[in-house]
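# Results of the structural survey
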Amino acid sequence: MHAPIAQTNPGAWCQAHRDEIEDAVRRVIDSGWYILGREVTAFEAEFAAFAGEAGTGGLHAVGVANGTDALVLALEAVGIGPGAAVVTVSHTAVATVAAIEMAGATPILVDVDEAHGLDPAALEAALAAPPPGTPPIRAIVPVHLYGQPVDLDAVMAIADRHGLTVVEDMAQAHGALWRSRPVGSFGAAASYSFYPTKNLGALGDGGALVARDAAIAERARSLRQYGWRERYISDMVGRNSRLDELQAAILRVGLRHLPGWNERRRAIAATYDRGLAGLPVTLPVRRPGATHVFHQYVVELDDRDAVADRLRGHGIGTGVHYPVPVHLQPAYRNRIPLGASGLARTERLAGRVLSLPMHPFLKDDEVERVIQAMVTALNS
Ligand SMILES: *Cc1c(COP(=O)(O)O)cnc(C)c1O
């Protein structure tokens, strides 16, 4: 009997790079400084360089407590709050929509396209006929779900035409590119999560937001710490959402390896594509112009739950991202305004999507075993 294959494995990189992580932790212990010190400052500089485009003046990064807060603070820092509506998708982590409400804005949810990202036509429909009683639409939060950029040509053109602010949810897309340019550098700001299973994960919670405009980054920096302009003087109503020194030191280690991990994710995806071709399963649609970083490798199946059961029988773990769209969740149902063209694809996807094992430490023979188990599961 083979060892089980987990859908994700956040502990794998810690084992592979244990010495580097232990050095980083020791450095923080010995520093005697645990909140907003050298490690956070260094991580912010290194992450800004990673997230931005070389040679264009770059981005500013602000470390915060988690990815949800990163989106809240990004929205607040660009001036989105009460009295504004924000268009995003329902086929996403509930955190995306929670963050918009935490900022005080009204989410409007629209459908996705065949590549599982914000559908530009659904966005246009929402703008042409906004849900009655909602405040004016001021912003768009495109979610680069599963690691694949949304159609940024279309989304940015619509945003320009309507004078809307774009804040990108990058929680699943660290390192993704659109026409060779880093995703997350297109909008006024972008939010990242370092939840342990993300493409770059901490050993606990962490997040960051990036912005090209230094003033937006400065506002976020102040908002993450009680709205302080300087120590004990609050210019704004802020909160406490700081990235720990310890997590920043660990994230600096991970960041050095992230480009290689993303390459490995892409190679695994290419092997899945080849091995699963011709089976009765819809493989991930690759958007032309996008460099996908495969946070998840998501297939669509008519009998998703039965296939997941059969894979479990072979010791193979899978995931469902996500089983219930946000607009159908108990806390959101019948409450969140929806785009004029409906959410038919979103509702259909919830019953069909299956995330296969995907992390950079999967071995070639494990990827082969997943493929063989899929062949068996789909032929029985
Ligand atoms: C993980 C995730 C978040 C939230 O990040 P946390 O660090 O868990 O708060 C937001 N949006 C998307 C798309 C995510 O996948």
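Note that this is a predicted model, so its numbers are computed, not measured.

### Examining the overall build of the protein
- Of the regular secondary structure elements, the protein holds 12 helices and 14 strands.
- Judged by the C-alpha coordinates and their principal axes, the protein covers about 65 × 55 × 40 Å.
- Across the 380 residues that make up the protein, the buried fraction comes to 55%.
- The contacts of the protein with a sequence gap of at least 6 include a subset with a gap of at least 24, amounting to 73%.
- One way to put it: in the protein the 35 positive side-chain charges average out to a point 1 Å from where the 41 negative ones average out.

### Describing the side chain of aspartate 273
- Checked against the element boundaries, aspartate 273 lands in helix α9 (residues 245–276).
- Side chain to side chain, aspartate 273 and tyrosine 297 meet in a polar contact 2.6 Å long.
- Excluding residues that lie within four positions of it along the chain, aspartate 273 makes contacts with Leu283, Pro284, Arg286 and Tyr297.

### Focus: the sheet that holds strand β6 (residues 177–178)
- Read from one edge of the open sheet, 3 strands run β7-β6-β12, paired in antiparallel fashion. This sheet does not close on itself; its edge strands, each paired only once, are β7 (181–182) and β12 (290–291).
- The pairing of β6 with β7 spans 2 bridges and is antiparallel. Each residue of the ladder has a partner; that of leucine 177, found in β7, is proline 182.

### Details of the UniProt feature "modified residue: N6-(pyridoxal phosphate)lysine" (unreviewed entry) in the protein
- Per the UniProt entry, the sites bearing "modified residue: N6-(pyridoxal phosphate)lysine" (unreviewed entry) are Lys198 in this numbering.
- In this structure lysine 198 comes out as buried when scored by relative accessible area, which is 16%.
- Excluding anything up to four places from it in sequence, lysine 198 contacts Ala171, His174, Ser193, Arg265 and His295.

Each value, and the rule that gives it
- Residues numbered from 1 in each chain as written.
- Predicted model: local features only at pLDDT ≥ 70, side-chain atom pairs only at ≥ 80, totals over all residues.
- Heavy atoms only, no water.
- Helix = DSSP H or I, 4+ residues; strand = E, 2+ residues; numbered from the N terminus.
- Buried < 20%, exposed > 50% of the residue type's maximum accessible area, 1.4 Å probe, protein only.
- Contact = heavy atoms within 4.5 Å.
- Lys, Arg positive; Asp, Glu negative; His and termini not counted.
- Charge placed at Lys NZ, Arg CZ, Asp CG, Glu CD.
- Polar contact = N/O pair within 3.5 Å; in protein donor to acceptor, adjacent residues only side chain to side chain.
- Pairing = 2+ DSSP bridges.
- UniProt positions renumbered as here; feature names shortened; annotations may be inferred.

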